[in-house]
Amino acid sequence: MARSKFSTLTEQMYYVLLCLKDECCGMEIMDKVSTLTSGRVQVGSGTLYNLLEQFLASNMIKETKAEGRRRSYVITEDGYEALLKENERLMLQIQDFNKIFKGK
Amino acid sequence: MKNRYEIDFYSFYDISGMQEHLEKMASKGWFLDKITYYYWHYHKGEPKQLHYSISYYAKASNFESEPSDGQLTFQEYCEYAGWKLVAYNAKLQVFANENGNPTPIHTELKYEIEEIKRLAKQFFFLIYMLLLLP
């Protein structure tokens, strides 16, 4: 059930998952997303908190360590699959664009 | 005069109204530092251009004196992003940011709305229960 709400990933969801290929804590994710996208995508602190909570509940990420309140996470197989599925969706979108504008 | 009290006339969902008001107050040198169920308290300082952000943490209990670990984590993430907690009362949290163009606390509206919906459900449930009392 929980997976269905992630059938399409928003840009913010996508980048948070992407940055969790390697283990990192919440604050590092904010910096990583910003660096990776040269500041184009910024994840708000509240949004990040909500996303991590929901990804955890849907087993798309897992907690790897907890030092006090500083918790680290990493992507799971389910999370990786969600990224692949989103990639496919984006590719189809580009193909459709090409069909219309480039006649391919 | 170094202190000022205000009665909170804002609806809990009028987030932008509260934020604008707090920003106007800060530009006049009045800084919010305490929220209770009855009033908001401000102290006097040098006028400043601050950004305010109201954020609810619907899971917080009205009866706990200390915030939960989850709420503290939320606040730590915000502080890391430049949003300092200036006042809170259970579920209502007020953050201020001195940066000129800060990343908002909520960059996906969906989650902000879900939090307010959760809060509204709790609020109206309480009202209905009170109406059912003989």
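Computed from a predicted structure; not experimentally measured. (Residues numbered from 1 in each chain as written. Chains lettered and ligands numbered in written order. Predicted model: local features only at pLDDT ≥ 70, side-chain atom pairs only at ≥ 80, totals over all residues. Heavy atoms only, no water.)

Quick look at the sheet that holds strand S6 (residues 92–97) of chain B now. Strands pair in a sheet through their backbones, by hydrogen bonds, and they do so in one of two ways: parallel or antiparallel. Residue and element names in this part refer to chain B. In space, the three strands of this open sheet follow the order S4-S6-S5, with antiparallel pairing throughout. Every interior strand has two partners, whereas the edge strands, strand S4 (51–56) and strand S5 (84–89), have only one. Taking the axes of each pair of neighbouring strands and ignoring which way they run, one obtains an average angle of 20° across the sheet. Where S5 lies against S6, five bridges are found, and the strand directions are antiparallel. Looking across to S6, one finds that Leu-85 is bridged to Phe-95. Those strands touched by helix H1 (residues 15–27) are S4 and S6, and its axis lies near 145° from that of S4. (Pairing = 2+ DSSP bridges. Helix = DSSP H or I, 4+ residues; strand = E, 2+ residues; numbered from the N terminus. Axes fitted to C-alpha atoms, helices over the stretch in contact; angles between N-to-C directions. Contact = heavy atoms within 4.5 Å.)

Right, let's get into a positive patch on the surface. All names here are of chain B. Together, Arg-4, Lys-24, Lys-28 and Lys-44 make up a region of like positive charge exposed at the surface. With respect to the secondary-structure elements, Lys-44 resides in strand S3 (residues 40–44). With relative accessibility at 40%, the residue Lys-44 sits in the partly exposed group. (Patch = residues over 30% accessible without salt bridge, like charges linked within 9 Å, V, L, I, M, F, W, Y side chains within 5 Å. Areas by Shrake-Rupley, 256 points an atom, 1.4 Å probe, with all protein chains shown as cover. Salt bridge = Lys/Arg side-chain N within 4 Å of Asp/Glu carboxyl O. Lys, Arg positive; Asp, Glu negative; His and termini not counted. Charge placed at Lys NZ, Arg CZ, Asp CG, Glu CD. Buried < 20%, exposed > 50% of the residue type's maximum accessible area, 1.4 Å probe, protein only.)

Fine structural detail should not be taken from predicted coordinates in areas where pLDDT scores are low. Overall, the prediction assigns chain B a mean pLDDT of 88, with 99% of residues at 70 or greater. Prediction confidence for the complex, expressed as pTM and ipTM, is 0.87 and 0.87 respectively. (pLDDT = per-residue confidence, 0-100.)

The subject of this paragraph is the packing of aromatic side chains. Each aromatic ring pair is characterised by the separation of its centres together with the angle its planes make. Residue and element names in this part refer to chain B. Applying the stated criterion across every chain, the model contains eight aromatic pairs over all chains. Summarising the aromatic geometry, the rings of Tyr-5 and Tyr-39 are spaced 5.2 Å apart at their centres and angled 75° between planes, so their arrangement reads as edge-to-face. With a gap of 34 residues between them, Tyr-5 in strand S1 (residues 3–6) and Tyr-39 in the loop between strand S2 (30–35) and S3 connect regions that are remote in the sequence. Note on Tyr-5: relative accessible area 52%, which makes it exposed. (Phe/Tyr/Trp six-rings, centres within 6.5 Å; stacked < 30°, edge-to-face > 60°.)

Quick look at helix H4 (residues 77–101) of chain A now. Residues and elements named next belong to chain A. Helix length check: H4 (25 residues) gives 36 Å between terminal C-alpha atoms against 36 Å at 1.5 Å per residue, within 8%. All of the buried residues along H4 are Gly-79, Ala-82, Leu-83, Glu-86 and Asn-98. Packed against the buried residues of H4 are helix H1 (11–19) and strand S3 (70–75). Remark: Gly-103 follows H4 within two positions and exhibits a positive phi of approximately 65°. (Expected span 1.5 Å × (residues − 1).)

All names here are of chain A. Mapped onto the elements of the fold, Ile-75 is located in strand S3. For Ile-75, a relative accessible area of 17% translates into the label buried. Considered as a pair, Ile-75 and Glu-63 are twelve residues apart in the sequence and their alpha carbons are 9.0 Å apart. Excluding anything up to four places from it in sequence, Ile-75 contacts Leu-17, Leu-20, Lys-21, Met-60, Ile-61, Tyr-80 and Leu-83.

What follows concerns the pattern of salt bridges. According to the stated counting rule, one finds eleven salt bridges over all chains in the structure shown. Here Lys-59 of chain B ties to Glu-53 of chain A by a salt bridge, and the two come within 2.5 Å at their closest N and O atoms. With Lys-59 of chain B in the loop between S4 and helix H2 (69–80) and Glu-53 of chain A in helix H3 (residues 45–57), this pair bridges two chains. Among the ionic pairs, Asp-96 of chain A bridges to Lys-99 of chain A, the shortest N-O distance being 3.2 Å. Linking Asp-96 of chain A with Lys-99 of chain A, this pair stays in helix H4, spanning three residues, or about one helical turn.

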